[in-house]
Amino acid sequence: QPEPVAVTEETETELARDQQPAAVPETAVSEAVPAAEPVTQLAEGDQPQVEAEAPAEATRKETPIDASMGSPLVTVDESLRSCVAINRPLNVSGEELAKLRETSPTQIEADDANIEREGQTILTGNVTINRADQSVKSQKVFLDKATNQAELTGDVEYTDNQIHITAQQAHLDMDKDEHNFTDADFTTLKRYSRGQASQIHSEQGEILNMNQVTYTTCPPGNTSWQLSADEISLDDATGRGEARNVKFEFFDVPIMYLPYMNFPIDDRRKSGMLTPRFGHSDDRGTELTVPIYWNIAPDQDATFYPRYMSDRGLQLGAEYRRLNDNNFVNQVNFEYLHDDDKYADPDNDRWAFKLDHDDYVYDNSWYVQTRLRRVSDDQYFEDLGSSLTLSSTTHLDNHFLVSKGTNNWSLYGLLQNYQTVDSTITKVNTPYEIMPRINFEYWTDPFAGNFTADVKTSYTHFDHNSNLRVTSKRTSVYPSITYNHDRPGYYIRPKLGVHYTNYDLDNEGALSSSQSRTIPIFSLDS
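In this report, the structure presented in the accompanying data block is examined. (Residues numbered from 1 in each chain as written. Predicted model: local features only at pLDDT ≥ 70, side-chain atom pairs only at ≥ 80, totals over all residues. Heavy atoms only, no water.)

Regarding the overall build of the protein chain
Tallying secondary structure elements over the protein chain gives four helices and 32 strands in all. Taking all 526 residues of the protein chain together, 40% fall into the buried category. For the protein chain, long-range pairs separated by at least 24 residues make up 47% of all intrachain contacts whose partners lie at least 6 apart in sequence. Summed over all atoms, the accessible surface of the protein chain reaches about 28,100 Å², with 52% contributed by carbon and sulfur. (Helix = DSSP H or I, 4+ residues; strand = E, 2+ residues; numbered from the N terminus. Buried < 20%, exposed > 50% of the residue type's maximum accessible area, 1.4 Å probe, protein only. Contact = heavy atoms within 4.5 Å. Areas by Shrake-Rupley, 256 points an atom, 1.4 Å probe, with all protein chains shown as cover.)

In structure tokens, the structure reads:
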């Protein structure tokens, strides 16, 4: 939490050129996991975290291979903790290889081959069939040349651009690019997941239909959560999955049943209900939050999160986010709890508000930042906060900042105050307000050979809502001149300046109403 602002001298003021925020990447909204945390993200520095371990990037050994020859194109390494490494020909992606299935030749190898009449061929012993991105291995294959279909039995292993499957039996239709597997284990490759199914039906490498399925994104040997269903369908074209008669298990304990669910299998966003959250506490009783996500547009989204607490009532919350033209994510959060059943104050309506706004204005030459956080009462986070960090919040920062920088000068203005949300902090000990702070700096280009000059100026009005505290208007000016002796291998930069500060005090008591100091400063950098 921010420290209370004391009326003390700032030895060195960093101006607007150091105040510019890092721009938000263009994908900040379009690829973000929809935020649906309850309110109580209002405190600074308490943004929701996705508790997931990012897979280590696999090192790929690339070997140039002519894709037209039908050589083995895909190998899978499942020894990694939570991802799958795929080796492919240099400069050829899996998606590109998949497009070659209709035109690529099929290459077959086996220890023994028995060619019968009417195009029937029986292959036995280490059979491999390769075409474009597809590779299949088995111990015995019945191949029908007329229909271009195959029946496989015994240690079947199939890999393509999307999935790796091991099964006891399989039926391949090479012309339709449709395949069926029985008693199969599968691993999806583009976005890691794994599981088992009694039947798997694959269509054109995009649609997977599975029966009697277990499904998880946990790494091998660690099934923290698991989904089991009668049917699961994964469609890479739409980026969605569907499941019927779904049971969720957490560490082998069933926690939820749904007759139907629709879920994402990639980063594309879709409106709908997000995963509900359950909880219980002494302050709130049993609680349930059901977030509802609205994908408004590529640059906008909203999340509504009604939250029922058995001891306090129904709280309504909402979050709106927008990615502006300058790649800043602007956000508004609001929560409202009508007639808190457990709050002793006569006004039982409780609310919280948060606004984050960043942008460039006036031909993108001025940067503007707004931070606004307000709650209805001092005990809001203590009663309704969902984490220890929120419960221990003491102050909420509210400020408005404007800055501009050029090649030779910068200007920075700030208005700032705090809402104190800790009832144990008395009024006289609350932080100072800054109303306003204005910093201006000017620096020259090199002159007279190797000299540069710089002038820093600052004006700050420290105010307080208690007449027991000293308030002040502080003015400081710091001109300096530097000689830059720069040579290959070394440099010497002596600097000489004068730092002047003046305080104009109110409610000063025994102090003088005006105090100032002038300090010469010399430094040597080498």
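A closer look at the nonpolar core
Core analysis: the biggest nonpolar cluster contains 35 residues, and Ile165, Phe181, Ile200 and Ile232 have the highest contact counts within it. For this core, the leading source of residues is strand E8 (residues 163-173), giving five residues. Excluding its chain neighbours within four sequence positions, the residues that come into contact with Ile165 are Val156, Glu157, Tyr158, Phe181, Ala184, Asp185, Phe186 and Ile200. In this structure, Met309, Leu337, Leu390 and Leu396 belong to the second largest nonpolar core, which totals ten residues. (Core = buried A, V, L, I, M, F, W, Y, C linked by side-chain atoms within 4.5 Å.)

What to know about a negative patch on the surface
A cluster of acidic residues, Asp282, Asp283, Asp311, Asp339, Asp341 and Glu382, forms a negative patch at the surface. Its location among the elements puts Glu382 in helix H3 (residues 380-384). (Patch = residues over 30% accessible without salt bridge, like charges linked within 9 Å, V, L, I, M, F, W, Y side chains within 5 Å. Salt bridge = Lys/Arg side-chain N within 4 Å of Asp/Glu carboxyl O. Lys, Arg positive; Asp, Glu negative; His and termini not counted. Charge placed at Lys NZ, Arg CZ, Asp CG, Glu CD.)

Examining the environment of Arg194
Among the structural elements, Arg194 can be located in strand E10 (residues 193-203). Sequence separation of Arg194 and His164 is 30 residues, and the distance between their C-alpha atoms is 9.3 Å. Setting aside chain neighbours within four positions, we find Arg194 in contact with Phe186, Thr187, Thr214, Tyr215, Thr216, Cys218, Pro219, Pro220, Gly221, Asn222 and Thr223. A distance of 2.9 Å separates the side chain of Arg194 from the backbone oxygen of Cys218, its partner in a polar contact. Engagement of the side chain of Arg194 in a polar contact is seen with the side chain of Thr223, the distance being 3.1 Å. (Polar contact = N/O pair within 3.5 Å; in protein donor to acceptor, adjacent residues only side chain to side chain.)

Observations concerning the environment of Tyr336
Position of Tyr336 among the secondary structure elements: in strand E22 (residues 329-337). Note on Tyr336: relative accessible area 30%, which makes it partly exposed. The sequence separation of Tyr336 and Phe353 amounts to 17 residues, and the corresponding C-alpha distance is 9.0 Å.

Considering the pattern of salt bridges
Close approach of charged atoms lets side chains of opposite charge pair. Tallied over the full model, the rule gives 19 salt bridges. The closest approach of N and O atoms between Asp301 and Arg269, which form a salt bridge, is 3.2 Å. Within this pair, whereas Asp301 is found in strand E19 (residues 300-304), its partner Arg269 is found in the loop between strand E14 (253-264) and strand E15 (272-273), the two being separated by 32 residues in sequence. Just as Asp301 is buried, Arg269 falls in that class too. The shortest N-O distance in the salt bridge between Asp486 and Arg493 comes to 3.3 Å.

Remarks on the environment of Leu401
By secondary structure assignment, the location of Leu401 is in strand E25 (residues 395-405). Look at Leu401 and you get buried, because its relative accessible area is 6%. A sequence separation of 35 residues divides Leu401 from Pro436, and the C-alpha atoms of the two residues are 9.9 Å apart.

Some words on a nonpolar patch on the surface
Nonpolar side chains collect at one region of the surface, where Phe447, Phe451, Ile481, Tyr490, Ile492, Leu496, Phe522 and Leu524 lie side by side and expose about 760 Å² of accessible area between them. Put simply, the parts of the chain that give the nonpolar patch at least two residues each are strand E31 (490-506) and strand E32 (514-525). Looking at where Ile481 falls in the secondary structure, it is placed in strand E29 (residues 471-483). A residue is classified by how much of its surface remains accessible, and Ile481, at 35% relative accessible area, is partly exposed.

With respect to the pairing of strand E12 (residues 225-235)
Where strand E11 (residues 207-216) meets E12, eight bridges bridge the pair, whose relative direction is antiparallel. Along E12, the bridge assignment pairs Tyr215 with Leu227. When E12 meets strand E13 (residues 240-250), the two strands line up antiparallel, connected through nine bridges. Following the sheet pairing, Leu227 is matched in E13 by Phe248. Following E12, the chain reverses through four residues before pairing antiparallel with E13; Gly239 in that reversal takes a positive phi of roughly 75°. (Pairing = 2+ DSSP bridges.)

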